[in-house]
Amino acid sequence: MAASLPQKPGMAGMPPQQQQPHQPPSAASAPGQQQMPPQGALREISPVFLCRIGQETVQDIVTRTMEIFQITRATQLPNGVTQSQAMYTDRFGKLQEHLRQLALLFRKLRLLYERCVEMTSDLQEGPTELVPYVGEELVSLKADPCTHAINQERKEVLEKVRQKNQEMKVLMDQMRNLLWDVNAMLTLRK
């Protein structure tokens, strides 16, 4: 028989999988901060994780830019009224700090982008092949027997959609003209 291990105080009711080992204060992270992987794992970071960091960086850039605009909006134009020198230097210092942080965030975003491109350069299909541009015809790579039938059906469906769109445009024009006439009649009535 195996003897059960004594539990830490305050954790008696928790199942073992929900208990977390004791961490020193330097290893514990505040709730809102993301944990960085260990140094050895930095080489094995996936492009998806880099893209997520890039998304957070873009959000930081937008936030900093909004703060810069708020500072400049709050700044009074020199219209003959003298401002206090302390307020001017304070706002100027904040603006300089935000611009410096913004430049660092753009550099970080550039590095993330370059790393993602480097990591995904061996993919078989480029982004233009995965997502076609508007108006660009898809180039099929495989010539399966059912591919021709699928392409034919796709063309038929696209033609039906174009016809329905044209009919809807005609109906919208008719409704617009009808509303124009009704408004004109109501104006003349007054």
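Thresholds, definitions, all that
- Residues numbered from 1 in each chain as written.
- Predicted model: local features only at pLDDT ≥ 70, side-chain atom pairs only at ≥ 80, totals over all residues.
- Heavy atoms only, no water.
- Disulfide = S-S within 2.5 Å.
- Buried < 20%, exposed > 50% of the residue type's maximum accessible area, 1.4 Å probe, protein only.
- Salt bridge = Lys/Arg side-chain N within 4 Å of Asp/Glu carboxyl O.
- Helix = DSSP H or I, 4+ residues; strand = E, 2+ residues; numbered from the N terminus.
- Core = buried A, V, L, I, M, F, W, Y, C linked by side-chain atoms within 4.5 Å.
- Contact = heavy atoms within 4.5 Å.
- Expected span 1.5 Å × (residues − 1).
- Axes fitted to C-alpha atoms, helices over the stretch in contact; angles between N-to-C directions.
- Parallel < 35°, antiparallel > 145°, perpendicular 65-115°, else oblique.
- Left-handed = near helix turned anticlockwise from the far one by under 90°.
- Nonpolar A, V, L, I, M, F, W, Y, C, P; charged D, E, K, R; others polar.
- pLDDT = per-residue confidence, 0-100.

1. A few points about the state of the cysteines
Here comes step 1: By the definition in use, this model includes 0 disulfides.
Here comes step 2: In this structure Cys51 is not part of a disulfide, and its nearest cysteine sulfur, from Cys116, lies 3.9 Å away.
Here comes step 3: With relative accessibility at 12%, the residue Cys116 sits in the buried group.

2. Some words on the pattern of salt bridges
One side chain can pair with another of opposite charge once the charged atoms of both are near each other.
Here comes step 1: A complete count under the given rule lists 7 salt bridges for this structure.
Here comes step 2: Across the salt bridge formed by Lys94 and Asp90, the nearest N and O atoms sit 3.8 Å from each other. Of the two residues, Lys94 and Asp90 are both situated in helix H2 (residues 85–119); the distance of 4 residues between them amounts to about one turn of the helix.
Here comes step 3: A salt bridge links Asp173 to Arg176; the nearest nitrogen and oxygen atoms lie 2.6 Å apart. Residue Asp173 and its partner Arg176 are located together in helix H4 (residues 145–189), separated by 3 residues, close to a single helical turn.

3. Things to note about the nonpolar core
Here comes step 1: Residues Ile45, Leu50, Ile53, Leu112 and Cys116 constitute the largest nonpolar core, which totals 5 residues.
Here comes step 2: Of all the secondary-structure elements, those providing two or more residues to this core are helix H1 (47–74) and H2.
Here comes step 3: In contact with Leu50, other than residues within four places in its own chain, are Ile45, Leu112, Arg115, Cys116 and Met119.

4. A closer look at H2
Here comes step 1: When the terminal C-alpha atoms of H2 are compared, their 51 Å separation across 35 residues agrees well with the 51 Å that a helix rising 1.5 Å per residue should span.
Here comes step 2: Turning to H2, its buried residues are His98, Gln101, Leu102, Leu105, Leu112 and Cys116.
Here comes step 3: The elements touched by buried residues of H2 are H1.

5. Observations regarding the packing of H1 against H2
Here comes step 1: Their axes nearest at 9 Å, the elements H1 and H2 cross at an angle of 160 degrees. Taken together, H1 and H2 sit at an angle that is classed as roughly antiparallel. Relative to H2, H1 is oriented so that their crossing is left-handed.
Here comes step 2: For the contact of H1 with H2, the residue count by class is 18 nonpolar, 6 polar and 7 charged.

6. Notes on the confidence of the model for the protein
Here comes step 1: Looking at the protein as a whole, the pLDDT averages 75, with 63% of positions reaching at least 70.
Here comes step 2: Here residues 1–34 is modelled with pLDDT under 50, and outside its nearest four sequence neighbours on either side it reaches 14 contacts, counting other chains as well.

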